[in-house]
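Summary of the model geometry
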Amino acid sequence: MNLTSSIKRATLHEELVERLRNLVIEDVLKPDEKVPEKELCETFGVSRTPLREALKVLASEGLVVLLPNRGARIARVTREELENTFPVIAVLEQLAGELACERLDDDGIASIEKRHNAMVRAYEARDRTAYFQANQDIHNALIEGAENDVLKAHHRRLAARVSRTRFMVNLSDERWAEAIDEHNQMMDRLRNRDAPRLGQLMKTHMMNKFTAHLKALGCDPE
């Protein structure tokens, strides 16, 4: 397994959770696979106690399943879960886009544009990992910009559950190009503070991800 270097103790819990989450999102640890606790402990230079505490966080996000006295395995997201979750996230992102348009100041919009430009560069370099990170930074910045703690909490919980899906759907070059075009339009609407059109596009963008994932699984969207 190709993993990264050991972790500094000062940020142990947060960084351990983040690295484990990324291993799931980026499909290094695959659905239904048992979590290799011993190997991960050796790689990250931690004991089993902090590792298991981090796995509890991922379990709360629906990314792993804890097995009594048998460790943990990577969760598999079913089509039914995706069908139930994506429309809710899409509506939350629609509302976030509308609120962010109204509440972000010019510096906030400039910061999102900087992330957008980084995402476009990653796309042009075909760097999927950097693209996904910049993409998530944009969506998270818009959620933060909405300045609504209830919206943020619900979005964070649901988005974690389908984060692997959101990473994997960009494997299609056609969908990747469409996603970049949608983000370019989103940036234009944010600059112009066109709240209704930005919100609607963010909802459409999320549902397009869902449709692309069904196609990748060989399912015909209903």
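In the block above lies the structure referred to throughout.
A brief structural summary. (Residues numbered from 1 in each chain as written. Predicted model: local features only at pLDDT ≥ 70, side-chain atom pairs only at ≥ 80, totals over all residues. Heavy atoms only, no water.)

What follows is about the side chain of Q136. Mapping Q136 onto the fold places it in helix α6 (residues 128–145). By relative accessible area, which is 15% here, Q136 ends up buried. Within the local environment of Q136, its side chain forms a polar contact with the side chain of N135, the two groups lying 3.2 Å apart. (Helix = DSSP H or I, 4+ residues; strand = E, 2+ residues; numbered from the N terminus. Buried < 20%, exposed > 50% of the residue type's maximum accessible area, 1.4 Å probe, protein only. Polar contact = N/O pair within 3.5 Å; in protein donor to acceptor, adjacent residues only side chain to side chain.)

Once that is clear, we can look at the pattern of salt bridges. Think of it this way: side chains of opposite charge can pair up when their charged atoms draw near. The final tally for this structure, using the stated rule, is 19 salt bridges. Salt-bridge contacts for R79 lead to E83; the nearest nitrogen and oxygen are separated by 2.8 Å. Taken together, the positions of R79 and E83, both in helix α4 (residues 79–103) and 4 residues apart, correspond to about one turn of that helix. Look at R79 and you get partly exposed, because its relative accessible area is 25%. Judged by relative accessible area, which is 32%, E83 ranks as partly exposed. Measuring nitrogen to oxygen at the nearest pair gives 3.2 Å for the salt bridge that ties D106 to R193. Placement of the pair is D106 in helix α5 (residues 106–124) and R193 in the loop between α9 (173–191) and α10 (195–216), with a sequence separation of 87 residues. Note on D106: relative accessible area 60%, which makes it exposed. Since its relative accessible area comes to 34%, R193 is described here as partly exposed. When salt bridges that share partners are traced, they join E18, R21 and E61 into one network. (Salt bridge = Lys/Arg side-chain N within 4 Å of Asp/Glu carboxyl O.)

On to the nonpolar core. Grouped together as the largest cluster of nonpolar side chains are 24 residues, with contacts concentrated most on L104, I112, Y131, L142 and L190. Put simply, the parts of the chain that give this core at least two residues each are α4, α5, α6, α9 and α10. L55, L58, L63 and V64 belong to the second-largest nonpolar core, a separate cluster that totals 20 residues. (Core = buried A, V, L, I, M, F, W, Y, C linked by side-chain atoms within 4.5 Å.)

Of the two faces of strand β2 (residues 71–74), the one lined by A72 and I74 is fully buried and the one lined by G71 and R73 carries no buried residue. The pairing of strand β1 (residues 64–67) with β2 spans 4 bridges and is antiparallel. In the strand pairing of β2, V64 is matched with I74. The hairpin formed by β1 and β2 contains 3 residues between the paired strands, and N69 there has a positive phi angle of roughly 65 degrees. (Pairing = 2+ DSSP bridges.)

Remark: α4 packs on α6, axes separated minimally by 7 Å, with the N-to-C direction vectors making an angle of 65 degrees. Relative to α6, the element α4 lies roughly perpendicular. For the crossing formed where α4 meets α6, the hand is left-handed. Contact residues: α4 offers E93, A96, L99, A100 and R103, while α6 offers H139, L142, I143 and G145. Residue composition of the contact of α4 with α6, by class: 5 nonpolar, 2 polar and 2 charged. (Axes fitted to C-alpha atoms, helices over the stretch in contact; angles between N-to-C directions. Parallel < 35°, antiparallel > 145°, perpendicular 65-115°, else oblique. Left-handed = near helix turned anticlockwise from the far one by under 90°. Contact = heavy atoms within 4.5 Å. Nonpolar A, V, L, I, M, F, W, Y, C, P; charged D, E, K, R; others polar.)

Among the structural elements, D27 can be located in the loop between α1 (12–25) and α2 (37–44). A relative accessible area of 14% means that D27 is categorised as buried.

A word on the packing of α6 against α9. Close contact between α6 and α9 brings their axes to 13 Å; oriented N to C, the two are set at 35 degrees. Along this stretch, α6 crosses α9, giving a crossing that reads as left-handed. Facing α6, whose interface residues are R128, Y131, N135, I138, H139 and L142, α9 presents D173, W176, A179, I180, H183, M186 and L190.

Below, the discussion takes up the packing of aromatic side chains. All told, the structure shown has 3 aromatic pairs when counted by the stated rule. Each residue in the set Y123, Y131 and W176 is aromatic and connected to the rest through ring pairs, giving one cluster. Over the face of the ring belonging to Y123 we find R126, whose NZ or CZ atom lies 4.5 Å from the ring centre. It is R126 that lies over the ring of W176; its NZ or CZ is 5.5 Å from the centre. (Phe/Tyr/Trp six-rings, centres within 6.5 Å; stacked < 30°, edge-to-face > 60°. Lys NZ or Arg CZ within 6 Å of the ring centre and 35° of its normal.)

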